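Residue-level structure breakdown
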Amino acid sequence: MLSLALRGMRTRWVTFVGSFLALALGVGIVATTGLALAATFDAPRQGPERFAAAPVVVRGEDQLRVRTPTGVRTQELTSPRPVPAELSAALAVLGRTAEDRTFPVSVGDARLEGGGEGTVGHPWPVAAAAAYRLTTGRAPAAAGEVVVTAGAGADVRTGDRITVTTAAGSTGRTVVGTVRPAEFETVVFFTAAEAARISPAVDAVVVDADPAAVRAVVDREDRMAVLTGDDRRRADPEPDRDVEALVSVNALLGTAAGITVFVSVFVVASTFSFAVAQRRREFGLLRTAGATPGQVRRTVYAEAAVIGVLASAVGCRLGVLGAPRLASWMTGAQIAPRWFVIGDQDWPLHAAFWTGLAVALAGAVAASRRAGRVGPVEALRESAVDSGSMPLSRVLLGGAVLLTGAVLLGVALVQDPGSVLKRKTYVTQPMLLVVGFALFAPVLVRPVTRFLAWLPAQLRGATGVLARENASAGLRRTAAVAAPVIVTVALAASLMGTTATLDEARATEARTQVTADFVVTAATEGVALPPRFVERARRIPGAVVSASRSTSVTVLEEGTALVTSEARAVDPADAAAVSALPVVAGSLAGLDDGSVVVNEEWMTTTVGERVGVWLADGRKVTLRVAAVLSTGTGNNGVYLTPRNAGGAVVDRIDVKVVGAGGRRAVAAQLAAAGRATGTEVGTRAGWLAENRRRTGGNTRLGLLMILLIALVYTGIALANTQVMATSDRVRDLAVLRLAGATKAQVLRLVGAEALVVVAVGTVLGGTVAALNLLGVRTALGLLDVHSAVVVPWEAIGSVVAVSSLVAVVFAVLPASLALRTRPAELAGTRE
């Protein structure tokens, strides 16, 4: 069988080159994403940075530990407790100490160097703990003096006057020294007294003493931790930033690899099926010569195995070349961290190779069964017209796939509509529909083709009629060419449409819930707004100000899992004046220091019921449910009072203008307060636009990468399939020439047929996307979010345009080359 397969492949190499290239590209993409995915499993070891030179660090415990029947569960705390003054004094008895305070700083007229996203301030005595050393100047000694991070290319030097804005206000300060910039922060150092005035809370204490003695003192205090050795990294800014930075990269690459495997199987199976349909007479001759159905099937499997081995080897090489370029692009687009590089793992190449071989064999399953069913006499007298009938097994399989997709969607809509809005669901749902539609292609292609080609067929000339009849007659050819278009249009419209619809739904929720005229937020997430700005805003006549804090609460679900929810601490009366929360039970007015507002996703949603929670600083309290909010798109969080905010700072204020004619005056006074404290004041419209841009950026960029991969794959698969299909119709084209058609007319006919087939694929793929988006819209309705479905016309148009161009070019080009031979010679050729 192998020798027979090799001879057949050598003779009909055009038939197999499409499958080879499609599979090689698929394996190359899987290898590329696999190598990049493997690089996300191990973040580089991140040792202590801020306190690398500190013997012992004492700070608030940053992890919540809860004993459960299944073991100790841990969860990160968002607001560790400050070090009490009494404990700091007791530690000073053991040895030399330095109190650390970290607070936001803005430098208005100079550019400092450093690796932090936002500039922070520290007292100078803790500089030695991070091994900062003066490169120029001296340490600050007075309130108006600072030391800054500045390298050789900095535009600030010792002796310069700079404007420094902190929570205490904006003042000019003299740079008396500089230190080398660090990779983990951009910093301004103040005197210890000045730092204590700006930020009274002590974040950590550096102790030069025996760790055992330090622990003996600290153990008397609740929720305090003693950090030594590598544990000191827990006091660094964003200690898990390297690991967290790879979570989205891991999810993105995993989705890309999964979609690639799916598209590979789908396209390769379609290509093999078409290749078998082209060779019905060849298989009929084999059967006439005495070959059994099993031998014919083994021949197809042998061909698939040869193609699979060769294409997988080439694909692995493509992966080795492509992975570093993918990593470079992802770092440049800020999808991955700057240090992200491809490692030396080779298991992704093994996985890609065997996946490619498995895809080739899986794609040949249906084709081999069809080849084995070819009868010796039946094949020799079979016409070129496909019947469009389907075997019972295919009908049952297609029905099962579609039914499975419908049942899964229905169960999700009934039990948990929010799950339909998650990436895992809206990525896999279109795949089931694509497979189902592909299995029913023999009965769908013909009516869709006749419907789409009805109007062109009414025009003058025979081109429209012939294009319609040829596409309808060659169902397998039409289905094979339309397959890559179906899958790409379905994915593009479903993925981009779902994310755009969810973005619009979230924007609609925000517009509905935020009724303030002005929204002011901190420049960096988790950073406090200047207290002076908040105080001045509260004193503005005609303005209602709601100052809120970002915090979190943690609950123990089902006695085994700690689940943390984002929360916001508000004053109930002020919050009610600047917002319209979607309350489904209870009232926001009932919120007090002993209660909490939850959403419908919580396990406890009965107003008046009491629930035990851990606050952001680790304190455990029991609160009464005052109100329940609808789930929405998942952004309706938990609300507490400031007393339960766990030490969180005010990072947002919403301002509502009351009374007529006061908006301009309020805006002017807010702007003045902002200038005095270095705070940027924004309108509600500006905040809504920025919030929408921030929530959707990386997701859309990642999906565009996935769709670009699918589009490239589609282009190559479509080109190869068109070449195969056109080469199989050389005699038909010659007959048209002998019947009187000019070469130009024949080429126009071929181009028109290609456009009809792309239109068929677009309609079927669009139907899949429409059904998927209908499920998303239904889920939003069940979640009480009334927002329109956003159709990504630009993405769909791009996919259709590229597919049309590729289909026409690679149908017309081989036809043009074939027509260089005299029609009589072409018409007389035999397979």
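A brief report on the enclosed structure follows. (Residues numbered from 1 in each chain as written. Predicted model: local features only at pLDDT ≥ 70, side-chain atom pairs only at ≥ 80, totals over all residues. Heavy atoms only, no water.)

Focus on the overall build of the chain
What counts, and what does not: Numbering goes from the N terminus for both helices and strands, where a helix is a DSSP run of H or I of at least four residues and a strand is a run of E of at least two. Summary of the burial criterion: residues with accessible area below 20% of their type's maximum are buried, those above 50% are exposed, and those between are partly exposed, where the area comes from a 1.4 Å probe applied to protein chains only. By definition, residues are in contact when any of their heavy atoms lie within 4.5 Å. Here the open area of atoms and residues is found with the Shrake-Rupley method and a 1.4 Å probe, where only the protein chains shown may cover a residue.
Helix and strand counts for the chain stand at 24 helices and 24 strands. Expressed as a percentage of the 831 residues in the chain, the buried residues total 50%. Taking the contacts inside the chain whose residues are at least 6 apart along the sequence as the reference set, 82% of them involve residues at least 24 apart. Carbon and sulfur atoms form 58% of the exposed surface of the chain, whose accessible area is close to 36600 Å².

Quick notes on the sheet that holds strand 14 (residues 224-227)
For sheets, the rule is that strands pair by backbone hydrogen bonds, running either parallel or antiparallel. We count it as follows: In this analysis, strands are considered paired if DSSP registers two or more bridges between them. Orientation is described by lines fitted to C-alpha atoms, with helices fitted over the stretch in contact, and by angles between N-to-C directions that extend from 0 to 180 degrees.
Taken in spatial order, the four strands of this open sheet run 4-13-1-14, and their pairing is antiparallel. Of all the strands in the sheet, the pair left with one neighbour each is strand 4 (96-100) and strand 14. Averaged over all pairs of adjacent strands, the angle between their axes in this sheet comes to 20 degrees, without regard to strand direction. Packed on one face of the sheet, helix 5 (residues 211-218) meets strand 1 (56-60), strand 13 (204-208) and strand 14 and runs near 175 degrees to strand 14.

Re helix 22 (residues 743-782)
Let me state the cut-off plainly: Working rule for helices: expected span equals 1.5 Å times residues minus one.
Across its 40 residues, helix 22 extends 58 Å between first and last C-alpha, which sits within 8% of the 58 Å expected from 1.5 Å per residue. Of the residues flanking the end of helix 22, it is D784, one or two places downstream, whose phi is positive at about 65 degrees.

Some points on the side chain of D651
Of note, D651 is situated in strand 23 (residues 650-657). A relative accessible area of 8% means that D651 is categorised as buried.

A short note on the environment of S595
Going by this rule: Two N or O atoms form a polar contact when they lie within 3.5 Å of each other; inside protein one atom must be a possible hydrogen donor and the other a possible acceptor, and for residues adjacent in sequence the pair counts only when both atoms belong to side chains.
Within the element layout of this structure, S595 appears in strand 19 (residues 595-599). Look past the residues within four positions of S595 in its chain and what remains in contact with it is G590, L623, R624, A626, L640 and N644. Of the polar contacts made by the side chain of S595, one reaches the backbone oxygen of G590; its length is 3.5 Å. A distance of 2.7 Å separates a polar side-chain atom of S595 from the backbone nitrogen of D592.

Focus: a negative patch on the surface
Where we set the bar: Patch membership needs two things, relative accessible area over 30% and no salt bridge, and members are linked within 9 Å if like-charged or within 5 Å if nonpolar (Val, Leu, Ile, Met, Phe, Trp, Tyr). By salt bridge we mean one thing: a side-chain nitrogen of Lys or Arg within 4 Å of a carboxyl oxygen of Asp or Glu. Charge counting treats Lys and Arg as positive and Asp and Glu as negative, with His and both chain ends excluded. The atoms used to mark charge sites are NZ of Lys, CZ of Arg, CG of Asp and CD of Glu.
A grouping of D416, E600, E601 and D784 is seen on the molecular surface, where their side chains present a negatively charged patch. Turning to its location among the elements, D784 is positioned in the loop between helix 22 and helix 23 (793-818).

Focus on the pattern of salt bridges
Pairing between side chains of opposite charge can happen when their charged atoms approach one another. If you walk through the whole model with that rule in mind, you get 23 salt bridges. Ionic pairing is found between D651 and R568, a salt bridge with its closest N-O pair at 3.3 Å. Here D651, found in strand 23, pairs with R568, found in strand 17 (residues 561-569); they are 83 residues apart in sequence, far enough to count as distant. Each member of the pair, D651 together with R568, is buried.

A word on the nonpolar core
Defined as follows: Nonpolar core, defined: a set of buried Ala, Val, Leu, Ile, Met, Phe, Trp, Tyr and Cys residues in which side-chain atoms within 4.5 Å join the residues together.
Counting 95 residues, the largest nonpolar core has L23, L253, I259, M330 and F340 as its most contacted members. Looking at this core element by element, the count peaks at 14 residues for helix 22. Residues within four places of L23 in sequence aside, it is in contact with V268, I307, G308, A311, G356, V359, A360 and Y713. One finds V534, A543, V650 and A673 within the second-largest nonpolar core, a separate group that totals 18 residues.

Topic: unusual backbone geometry
Notably, A131 is not glycine yet its phi reads approximately 60 degrees, a positive angle. When you line up the elements, A131 lands in the loop between strand 7 (119-123) and strand 8 (134-137). Phi is positive for R223, which is not a glycine, with a value near 60 degrees. You can see R223 is positioned in the loop between helix 5 and strand 14.

A few points about the packing of aromatic side chains
Short version of the rule: Classification of ring pairs uses Phe, Tyr and Trp, with its six-membered ring standing for Trp, and accepts pairs whose centres are within 6.5 Å; under 30 degrees between planes counts as stacked, over 60 as edge-to-face, and the remaining range as tilted.
Counted under the stated rule, the structure contains four aromatic pairs. Ring centres of F103 and F190 lie 5.5 Å apart, and the angle between their planes is 45 degrees; this geometry places the pair in the tilted category. In this pair, F103 is assigned in strand 5 (residues 103-104) and F190 in strand 12 (residues 186-190), connecting sequence segments 87 residues apart. Per residue, the accessibility class of F103 equals that of F190, and both read buried. When the ring of W124 is compared with that of F189, the centres are 5.2 Å apart and the planes differ by 90 degrees; the resulting orientation is edge-to-face.

Considerations on the packing of helix 12 (residues 423-439) against helix 22
The condition is simple: For classification, angles of less than 35 degrees are called roughly parallel, those exceeding 145 degrees roughly antiparallel, those between 65 and 115 degrees roughly perpendicular, and all remaining angles oblique. Should the near helix be turned counterclockwise from the far one by less than a right angle, the crossing is left-handed, whereas a clockwise turn marks it as right-handed. Basically, the charged four are Asp, Glu, Lys and Arg, the nonpolar ten are Ala, Val, Leu, Ile, Met, Phe, Trp, Tyr, Cys and Pro, and anything else, Gly included, counts as polar.
Close contact between helix 12 and helix 22 brings their axes to 9 Å; oriented N to C, the two are set at 140 degrees. The angle between the axes of helix 12 and helix 22 places the two elements in the oblique class. The way helix 12 lies across helix 22 gives a crossing that is right-handed. Packed against helix 12, whose contacting residues are Y426, Q429, P430, L433, V434 and F437, the element helix 22 presents L764, T767, V768, L771 and N772 at the interface. The residue makeup of the contact of helix 12 with helix 22, split by class, is eight nonpolar, three polar and no charged.

A word on a nonpolar patch on the surface
On the surface, a nonpolar cluster with roughly 440 Å² of combined accessible area is contributed by L805, V809, F810, L813 and L817. With respect to the element layout, L817 can be found in helix 23. Taking relative accessible area as the criterion, L817 reaches 44% and is therefore assigned partly exposed.

Comments concerning the environment of E509
By the element assignment, E509 lies in helix 16 (residues 475-513). Residue classification places E509 among the buried residues on the basis of a relative accessible area of 9%. Sequence separation between E509 and N636 is 127 residues, and the spatial gap between their C-alpha atoms is 9.1 Å. With sequence-adjacent residues up to four places away left out, E509 is seen in contact with G632, T633, N636 and V785.

Some points on the side chain of S552
Note that S552 resides in strand 16 (residues 543-557). Among the residues examined, S552 registers a relative accessible area of 6% and is labelled buried. A distance of 2.9 Å separates the side chain of S552 from the side chain of T78, its partner in a polar contact. Beyond its immediate stretch of four places on either side in the chain, S552 contacts T78, T564, S565, A567, W614, L615 and A616.

Considering the environment of V309
Within the element layout of this structure, V309 appears in helix 8 (residues 293-332). On the accessibility criterion, V309 (38% relative accessible area) is partly exposed. As for V309 and A24, which are separated by 285 residues in sequence, their C-alpha atoms are 9.6 Å apart. Setting aside anything within four residues of it in sequence, one finds V309 in contact with F353 and L357.

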